[in-house]
Amino acid sequence: MASEKHFKYIVLGGGVSGGYAAREFAKQGVQPGELAIISKEAVAPYERPALSKAYLFPQNPARLPGFHVCVGSGGERLLPEWYSQKGIELILSTEIVKADLASKTLTSAAGAIFTYEILLIATGSSVIKLSDFGTQGADSNNILYLREVDDADKLYGAIQAKKGGKAVVVGGGYIGLELSAVLKMNNLDVTMVFPEPWCMPRLFTADIAAFYESYYTNKGVKIVKGTVAVGFDADANGDVTSVKLKDGSVLEADIVVVGVGGRPLTTLFKGQVAEEKGGIKTDASFETSVPGVYAVGDVATFPMKIYNDVRRVEHVDHSRKSAEQAVKVRKSHFCISKQLMLSDSIFVLMASELSLHLLFQALKGKESGEAVPEYDYLPYFYSRSFDLSWQFYGDNVGEAVLFGDSDPSSAKPKFGSYWIKDGKVVGAFLEGGSADENGAIAKVARAQPAVANVEELKKEGLLFASKI
């Protein structure tokens, strides 16, 4: 008979969201044995952005336990023993293959059964593979992807085995740009291939992209635009030797790294929850259409208050914050709706398992009408490669206004862009900014100040942001 374990709370997914949810549960006074984190990975939650940066550095590469959550946001590093100390069960190397939300049951590949009262879906995304499209030769050795630490280990091993060799990066987005840089830092001969007219087209304008493409070219990265990989050749050992492109050209390759996007991992819940825009639809509390089931991070399509819209966001910042928000709201609702009632000015305890901390929160909320603040997320993206570092806040819609020094040959280039829609700044980008300057553009994107004169804005540049 299959083993069965019951928890009050289960977080399904051991990525960034899972780790930050665990920390918030601990802050809110979760009791030992109430919470489990189920992850198919073999390690405790870690800061995933390190994998495409410091993990692959040629000198002093980052390694676990150095970047377990929550160091990415300046918080405490949650080592595996932290979970034990808090009474949180960390169930690793466990893939859930079936989820029955009606019976509140999860089943693992090994046949283990887990039941819950509250479920937090934090399954994240999976990489899109070229083999998904039947691309010829896509299963050859050394055609690699990057999502988990095991993937990073394979890539690091290939880099060491093919020192001085040729690397082809398929894709010109986040992963393509960051990995092209780190591969070049490892002294490989790097070519980046993508079908769009410029790199990072979902965020960059042509002018912004021109800077990065020139900078990368100056660093020795070759860029091939407007075509895609349609096949791969391999030697007798099955190791990739070349990449065939749609335009008919062929690129020699010892390593191929593919970064063409991801898909939110929602398959387990198909037909059981409402979906929208490719994700699981939630309310402002990240609760799905099924009461007691929450979705956070990459999989959640949620109300974005600042734009009066619903969106799905794939970024570590949202993964952290949405997980924390869902836990805060869930605990608040639990306190107010299930644990207290007001009768003749006397609060009557309705749930004996309340911690004193939660009781105080609920009493305070009842007395003052306070509630967990609504999730008011400002989109935020960032990247670091070579000696470059950029940040973006807000929405990249409307007219883009470039300012500053965007000469890729400058010793320390610093430039940015504002996006103007309906006479207001709705988005801001900055390369090479200080912490204060990045904070200033974030304030601009949040405040959405009016712009009377675009030419003056271009001249003022960062000065405009400093006035907000």
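Here goes a summary of the coordinates provided. (Residues numbered from 1 in each chain as written. Predicted model: local features only at pLDDT ≥ 70, side-chain atom pairs only at ≥ 80, totals over all residues. Heavy atoms only, no water.)

## Structural notes on the overall build of the chain
What counts here: In this description a helix means any DSSP run of H or I spanning at least four residues, a strand means any run of E spanning at least two, and both kinds are numbered starting from the N terminus. Between the two quantities, the radius of gyration covers C-alpha atoms and the globule rule is 2.2 Å times the number of residues to the power 0.38. Buried means the residue's accessible area, taken with a 1.4 Å probe over protein chains only, is under 20% of the maximum for its type, while exposed means over 50%, and partly exposed covers the values in between. The contact rule is simple, with two residues in contact once any of their heavy atoms fall within 4.5 Å. Accessible surface is estimated by sampling points in the Shrake-Rupley manner with a 1.4 Å probe; for residues, cover comes only from the protein chains shown.
When helices and strands are counted, the chain shows ten helices and 28 strands. For a compact globule of 468 residues, the expected C-alpha radius of gyration is about 23 Å, and the chain comes in at 24 Å, within 12% of that figure. Dimensions of the chain, computed from the C-alpha atoms along their principal axes, are close to 75 × 65 × 40 Å. Relative to its 468 residues, the chain shows a buried fraction of 51%. Pairs at least 24 apart in sequence give 61% of the contacts found in the chain among residues at least 6 apart. If you sum the accessible surface of the chain, you get close to 20600 Å²; carbon and sulfur atoms cover 51% of it.

## Some details on the environment of Gly 238
Structurally, the position occupied by Gly 238 is in the loop between β12 (229–234) and β13 (240–245). On the basis of relative accessible area, Gly 238 is assigned to the partly exposed category, the value being 24%. Considered as a pair, Gly 238 and Phe 269 are 31 residues apart in the sequence and their alpha carbons are 37 Å apart. Filtering out sequence-adjacent residues up to four positions away, Gly 238 remains in contact with Ser 140 and Asn 141.

## Regarding the sheet that holds strand β21 (residues 309–312)
Counted only if it meets this: A strand pair is defined by DSSP finding two or more bridges across the two strands.
Within the open sheet, the four strands sit side by side as β17-β18-β20-β21. Their pairing is mixed. On the outer flanks of this sheet lie β17 (275–276) and β21, each paired with one strand and no other. Bridge count between β17 and strand β18 (residues 279–281): two bridges; the pairing is antiparallel. From the neighbouring strand, Glu 275 faces β18, where its bridge partner is Ile 280.

## Some details on the sheet that holds β13
Here is the rule: Every axis corresponds to a line fitted to the C-alpha atoms, with the helix fit spanning only the stretch in contact, and the corresponding angles, defined between N-to-C directions, vary from 0 to 180 degrees.
Ordered by their spatial adjacency, three strands build an open sheet running β12-β13-β14, and the pairing between neighbours is antiparallel. Whereas interior strands pair on both sides, the edge strands pair on one side only; in this sheet they are β12 and β14 (250–252). Pairs of neighbouring strands in the sheet enclose a mean axial angle of 25°, with direction left out of account. Direction of pairing for β13 relative to β14: antiparallel, over a ladder of three bridges.

## Concerning helix α1 (residues 16–27)
What counts is decided by this rule: Given a helix with a known number of residues, its expected span is that number minus one, times 1.5 Å.
The end-to-end C-alpha separation of α1 is 17 Å, in line with the 16 Å expected for twelve residues at 1.5 Å each. Most of α1 is tucked away, with ten of its twelve residues classed as buried. Looking at α1, one finds that the buried residues are Val 16, Ser 17, Gly 18, Gly 19, Tyr 20, Ala 21, Ala 22, Arg 23, Glu 24 and Phe 25. Positioned one or two residues after α1, Gly 29 has a phi angle of 90°, which is positive.

## Quick look at the environment of Val 11
Position of Val 11 among the secondary structure elements: in strand β1 (residues 4–12). Judged by relative accessible area, which is 0%, Val 11 ranks as buried. Note: C-alpha distance between Val 11 and Asp 189 (178 residues apart in sequence) is 42 Å. When residues no more than four places from it in sequence are discounted, the contact partners of Val 11 are Gly 18, Ala 21, Phe 25, Leu 35, Ala 36, Ile 37, Ile 38, Leu 120 and Ala 122.

## Details of the pairing of strand β10 (residues 189–194)
Let me state the cut-off plainly: Think of it like this: strands point away, you trace from the first strand over the helix to the second, and a clockwise trace means the crossover is right-handed.
Extensive coverage of β10 is indicated by the burial of five of its six residues. In this view, the connection linking strand β9 (residues 166–170) to its parallel neighbour β10 by way of helix α4 (residues 174–185) has right-handed handedness. Handedness of the crossover is the feature at issue here: the chain leaves β10, passes through helix α5 (residues 206–218), returns alongside strand β11 (residues 222–225), and the resulting connection is right-handed.

## Let's talk about the pattern of salt bridges
Note the threshold: When a carboxyl oxygen of Asp or Glu is within 4 Å of a side-chain nitrogen of Lys or Arg, the pair counts as a salt bridge.
Applying the stated rule across the entire model yields 26 salt bridges. In this structure, Glu 47 and Arg 320 form a salt bridge, with 2.9 Å as the shortest nitrogen-oxygen distance. Note that Glu 47 is positioned in the loop between β2 (35–38) and α2 (80–85) and Arg 320 in helix α6 (residues 316–339), a separation of 273 residues in sequence. The partner of Lys 467 in a salt bridge is Glu 460, with the nearest N and O atoms 2.4 Å apart. Using a relative accessible area of 56% as the deciding quantity, one classes Lys 467 as exposed. With a relative accessible area of 23%, Glu 460 lands in the partly exposed category. Members of the salt-bridge network, linked through shared partners, are Lys 277, Asp 309, Arg 311 and Asp 395.

## Overview of the packing of aromatic side chains
Our working rule: Only centres within 6.5 Å qualify two rings of Phe, Tyr or Trp (six-membered ring in Trp) as a pair; their planes then separate them into stacked at under 30 degrees, edge-to-face at over 60, and tilted for everything else. Put simply, a charge is over a ring when the Lys NZ or the Arg CZ is close to the ring centre, within 6 Å, and near the line of the ring normal, within 35 degrees.
By the definition in use, this model includes 26 aromatic pairs. Ring centres of Tyr 55 and Phe 67 lie 5.8 Å apart, and the angle between their planes is 85°; on these two criteria the pair is classed as edge-to-face. Residue Tyr 55 is located in the loop between β2 and α2, and its partner Phe 67 is located in the loop between β2 and α2; the two are separated by twelve residues in the primary sequence. One Lys or Arg, Arg 63, reaches over the ring of Tyr 156 and ends 4.5 Å from the middle of that ring. Against the face of Tyr 145 rests Lys 129, its NZ or CZ located 5.6 Å from the ring centre.

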